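Summary of structural features
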Amino acid sequence: MFLCAISGEAPTEPVVSVKSHKVYEKRLIMKYIADNGTDPTTGEKLEESDLIPIEASILLIPTLLLSLQNEWDALVLETFALKQQYNQTRQELSYALYSQDAATRVVARLIKERDAAREALASVQASMGVAPSASTEDDVEMGDTAAPALPQDVTAKIEALQNSLSATRKKRKPPAGYITAAKLKTFTAKKTIPSLHSASPAGITALAVSKQNPSQFLTGGNDKIVQLYDGDTDKVLATLKGHTKKVNHVAFREADGEPTLLISGGADKVAKIWSLDTASGEYIPKSTIRTHKGEITGLVVHPTTTYLALSSADKTYSIHDLSTFDELFHSSTEDVFASLAIHPDGQLLAMGTPSSTIRIFDIRTGTIAASLTPPDTTPFTVHSVSFSENGYHLMAPLTSSSVGVWDLRKAASSAAIAATISLEDDFNINRVVYDASSQYLGVAGSGGGRVFAHKTWDELLRLEEGKDEMTQLVFGNMGQEIWGSTGREVRVWGLAT
């Protein structure tokens, strides 16, 4: 215990001096201060405010030891908690370092595989004579000019054709002998070719007419079969099998000095190509295109006759070489495509979507050149589109019973829709098509066929002989005939003989 520095006895009311740090009995030190005003031990000036009262209990050694023990216990517990937190942080850091190391190894492996794939692609391109694409080692900077989607030689060929055709576009006139509006109004049913394709499931779903042999036509049906028929001899020239679902589209590829190709695209997600074998006179399979994951919704042969374009419900379209049957380009977009048409100059592709919008792509780069959406319309699937032969207009359904003609020269303005043609309320449009002179436009649907005059938009002709709805409509050579498919029949209209 501590004793009073004045009396030498244990104080009953202890205080400590801040000057000498000695313990005093409060009543004695107060009296000493009153008499002398200094600290009795050091002699320094001392006031009552310099005295600090202390509890008498802490002067006892057992009490002091207990206080120290409590402080030590608290310190030990705090140290233990800090050790636990340290170990947990160390484990988290170890896991983070392990994850980072694993990610680094994965990235290194992928880079190695990428480099190997690039080397393999370069080898393949070199063997095919295709110019390799630009290196992607550096960061890509977005610019105003899109990178070519097609090989340079293909792009050059397309641009050469486009320049050649566009230079004469304004001078294009209907060839001599092309059908006039006055004569077209007198068209009557000339011929009906019945019982095409199977009766179950019945129905012709696609129709194309040969330009080199105007009496021959190609059909696709719900029965998964493609047929080539000669109207003059009334004979089936070829029955082509291979599709596992209905055929959506058919087309001829006819080029001077090249074998005729028959092309089809179906709901089974594939396109098939047959070629005429000159030795046997029969069409034999040449290629099956299986690059799409959705049904084929559009099929067109490029004006060069060298390339084929396909659109699909899998939100992509593709370009193929009809000489090697290689795929040249496969797009990556966010739109489901429901229809396809190609500009007569060969540089633009138009595709209808289920949202009433028509996307127009630059075939060279794969970029969107324009988007056409009718104002104030209920979302509608644009399942048919057609360019005019002069390239100025694009026709497509606006609703199930109305057709819009877009002026592509005003595509960016509100006046882009040059005309709206309304049909009967219960008329459901299946196909729209321009003729080869840009003078007439045809519509096929549930009410038969309709032919309208371009610019005046007057109805010139109704084709209602068939009891079934018209699924396809095609203008024949020089506009002298109109072909249509109804049910299992193909009908031909023309001038009365």
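Computed from a predicted structure; not experimentally measured.

Helix and strand content of the protein: four helices and 31 strands. The globule rule puts the C-alpha radius of gyration for 497 residues at 23 Å, and the 45 Å found for the protein is more than 25% above it. Its C-alpha atoms give the protein principal-axis dimensions of about 150 × 50 × 50 Å. The burial tally for the protein puts 43% of its 497 residues in the buried class. Partitioning the intrachain contacts of the protein with sequence separation of at least 6 by distance along the chain shows that 45% fall at a separation of at least 24. Total accessible area on the protein is roughly 26800 Å²; 52% of this is exposed by carbon and sulfur atoms. Within the protein, one finds 47 positive and 59 negative side-chain charges whose respective centroids are separated by 9 Å.

Secondary-structure assignment places Q472 in strand β29 (residues 470–475). At a separation of 3.1 Å, a polar atom in the side chain of Q472 contacts the main-chain carbonyl oxygen of T205. Within polar-contact distance, the side chain of Q472 engages the side chain of R431 at 3.3 Å.

If you look at the biggest cluster of nonpolar residues, it comprises 18 residues, and the most contacted ones within it are L150, Y317, I319, L349 and M351. Of all elements in the fold, only α3 (152–167), β14 (307–312), β15 (317–321), β16 (327–330), β17 (339–342) and β18 (348–352) reach the threshold of two or more residues within this core. For I319, the residues in contact, after removing those within four places along its chain, are L150, Y307, L308, A309, D326, E327, L328, F329, L349 and I363. Ranked by size, the runner-up nonpolar core spans 17 residues in total, among them I179, V433, L473 and F475.

Once that is clear, we can look at empty space enclosed by the protein. What the rule picks out here adds up to one cavity of 30 Å³ or more. When its volume is computed, the largest cavity comes out at roughly 40 Å³. What lines the largest cavity is simply S356, I358, P374, F380, V382, P397, L398 and W406. When the residues that make up the lining of the largest cavity are grouped by side-chain class, the tally is seven nonpolar, one polar and no charged.

What follows concerns the sheet that holds β17. Pairing is antiparallel across the open sheet formed by four strands, whose spatial order is β17-β18-β19-β20. Of all strands in the sheet, those with a lone pairing partner are β17 and β20 (368–372), marking the two edges. Here the average twist between neighbouring strands, direction ignored, is 20 degrees. Sheet analysis places β17 next to β18, joined by four bridges and oriented antiparallel. In the sheet register, S339 faces β18, and the bridge partner there is G352.

Averaged over the protein, the pLDDT score is 87; the fraction of residues at 70 or greater is 91%. The low-confidence segment residues 128–147, where pLDDT is below 50, has 14 contacts with residues more than four positions distant or belonging to other chains.

Here we come to the pattern of salt bridges. This model, assessed by the stated rule, comprises 17 salt bridges. Between D234 and K191 there is a salt bridge; the shortest N-O distance is 3.0 Å. Of the two residues, D234 is situated in the loop between β7 (226–230) and β8 (235–240) and K191 in strand β4 (residues 188–193); the sequence distance between them amounts to 43 residues. According to the relative accessible area criterion, D234 is partly exposed, its value standing at 42%. Residue classification places K191 among the partly exposed residues on the basis of a relative accessible area of 28%.

Its 16 residues place the ends of α3 22 Å apart at the C-alpha level, agreeing with the 22 Å of an ideal helix rising 1.5 Å per residue. Every buried residue of α3 is accounted for by V154, T155, I158 and Q162. Seen end-on, α3 carries its buried residues on one side only, within an arc spanning 95 degrees. For α3, the exposed residues lying more than 90 degrees away from the buried face are Q152, D153 and A167. In the core, the buried residues of α3 are packed alongside β14 and β16.

For the structure on display, the rule yields six aromatic pairs. Between Y317 and F329, the aromatic rings sit 5.6 Å apart at their centres with planes inclined by 55 degrees, giving tilted as the arrangement. Placement of the pair is Y317 in strand β15 and F329 in strand β16, with a sequence separation of twelve residues. Both residues of the pair, Y317 and F329, belong to the buried class. On the basis of an interplanar angle of 90 degrees and a centroid distance of 5.9 Å, the ring pair of F337 and F361 is categorised as edge-to-face.

The rules we used
- Residues numbered from 1 in each chain as written.
- Predicted model: local features only at pLDDT ≥ 70, side-chain atom pairs only at ≥ 80, totals over all residues.
- Heavy atoms only, no water.
- Helix = DSSP H or I, 4+ residues; strand = E, 2+ residues; numbered from the N terminus.
- Rg over C-alpha atoms; globule rule 2.2 N^0.38 Å.
- Buried < 20%, exposed > 50% of the residue type's maximum accessible area, 1.4 Å probe, protein only.
- Contact = heavy atoms within 4.5 Å.
- Areas by Shrake-Rupley, 256 points an atom, 1.4 Å probe, with all protein chains shown as cover.
- Lys, Arg positive; Asp, Glu negative; His and termini not counted.
- Charge placed at Lys NZ, Arg CZ, Asp CG, Glu CD.
- Polar contact = N/O pair within 3.5 Å; in protein donor to acceptor, adjacent residues only side chain to side chain.
- Core = buried A, V, L, I, M, F, W, Y, C linked by side-chain atoms within 4.5 Å.
- 1 Å grid on protein atoms, 1.4 Å probe; cavity = no way out; pocket = protein on both sides within 12 Å on 5 of 7 lines; lining within 4 Å.
- Points joined across faces, edges and corners; volume = space filled by probe spheres on them.
- Nonpolar A, V, L, I, M, F, W, Y, C, P; charged D, E, K, R; others polar.
- Pairing = 2+ DSSP bridges.
- Axes fitted to C-alpha atoms, helices over the stretch in contact; angles between N-to-C directions.
- pLDDT = per-residue confidence, 0-100.
- Salt bridge = Lys/Arg side-chain N within 4 Å of Asp/Glu carboxyl O.
- Expected span 1.5 Å × (residues − 1).
- Arc of directions from axis to C-beta.
- Phe/Tyr/Trp six-rings, centres within 6.5 Å; stacked < 30°, edge-to-face > 60°.

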